[in-house]
Amino acid sequence: MQLEIITPETLVFKGEATAVQFPGLDGSFQVLNNHAPIISGLSAGSIKVDLVEAFKVTSKTNPNITAENNGKVIHVAIKGGVVEMQNNKIIVLAE
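A few points on the structure. Just so you know, these numbers come straight off a predicted model, no measurement behind them.

## Considerations on the pairing of strand β6 (residues 65-68)
Pairing analysis gives four bridges linking β6 to strand β7 (residues 73-78), with the strands arranged antiparallel. Residue pairing across strands places A67 opposite I74, the latter belonging to β7.

## A closer look at the pattern of salt bridges
Scanning the entire structure with this criterion turns up two salt bridges. Residue E4 is joined to K14 by a salt bridge in which the shortest nitrogen-to-oxygen separation is 3.8 Å. Here E4 is found in strand β1 (residues 2-6), whereas its partner K14 is found in strand β2 (residues 11-24), with 10 residues between them in sequence. Take E4: its relative accessible area is 12%, and that puts it in the buried class. Put simply, E4, K14 and K89 are held in one network by salt bridges that share partners.

## A short note on the packing of aromatic side chains
Both the distance between ring centres and the angle between the ring planes are used here to describe each pair of aromatic rings. Inspection of the entire model under this criterion finds two aromatic pairs. Judged by centre distance (5.7 Å) and plane angle (70°), the ring pair of F13 and F55 falls under edge-to-face. Residue F13 is found in strand β2, and its partner F55 is found in the loop between β5 (45-51) and β6; the two are separated by 42 residues along the sequence. For F13, a relative accessible area of 5% puts it in the buried group. Seen in terms of ring centroids, F22 and F29 are 5.4 Å apart; in terms of plane orientation they differ by 35°. Their pairing is tilted. Judged by its relative accessible area of 1%, F22 is buried.

## With respect to the nonpolar core
Among the nonpolar cores identified, the biggest contains 22 residues, and I5, V20, F22, I47, I90 and V92 are the most heavily contacted of them. Where this core is concerned, the elements lending two or more residues are β1, β2, β5, β7, β8 (81-86) and β9 (89-94). Broken down by element, this core gets its largest block of residues, five residues, from β2. In this structure I90 touches M1, Q2, L3, E4, V20, F22, V31, V83, E84 and M85, once residues within four positions along its chain are discounted.

## A closer look at unusual backbone geometry
Phi at N34 takes a positive value of approximately 60°, unusual for a residue other than glycine. In this structure, N34 sits in the loop between β3 (27-32) and β4 (38-42). On the basis of relative accessibility, which here comes to 66%, the residue N34 falls in the exposed class. Phi is positive for N70, close to 55°, though the residue is something other than glycine. Relative to the assigned elements, N70 resides in the loop between β6 and β7.

Cut-offs applied
Residues numbered from 1 in each chain as written. Predicted model: local features only at pLDDT ≥ 70, side-chain atom pairs only at ≥ 80, totals over all residues. Heavy atoms only, no water. Pairing = 2+ DSSP bridges. Helix = DSSP H or I, 4+ residues; strand = E, 2+ residues; numbered from the N terminus. Salt bridge = Lys/Arg side-chain N within 4 Å of Asp/Glu carboxyl O. Buried < 20%, exposed > 50% of the residue type's maximum accessible area, 1.4 Å probe, protein only. Phe/Tyr/Trp six-rings, centres within 6.5 Å; stacked < 30°, edge-to-face > 60°. Core = buried A, V, L, I, M, F, W, Y, C linked by side-chain atoms within 4.5 Å. Contact = heavy atoms within 4.5 Å.

Such coordinate-based values are descriptive only and should not be taken to indicate function.
Next comes the structure, spelled out in structure tokens:
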């Protein structure tokens with residue numbers, strides 16, 4: 001599924017994911033491929049993304065992104081926001 005994480009300043013991340021875990025307002029939740037449409041508020045925390053292809057952290061990478069498991073999993077720190085999942089595409093509007 002396609003994932004885009006956007007802040008008012010920049011596009012933080014865009015890529016293909018197999019699973020994404022969010023810090024929801026009432027607790028964390030996970031979205032997998034072909035999940036039903038959803039819109040949810042997000043609290044401060046970290047978005048965990050399981051990627052299709054490994055992500056390479058460089059000096060130009062957004063400082064809110066950290067990688068683990070040889071780049072197959074990334075964490076994106078956010079201060080809150082909103083997520084929408086529809087037609088296997090996730091858009092996160094984050095602070």
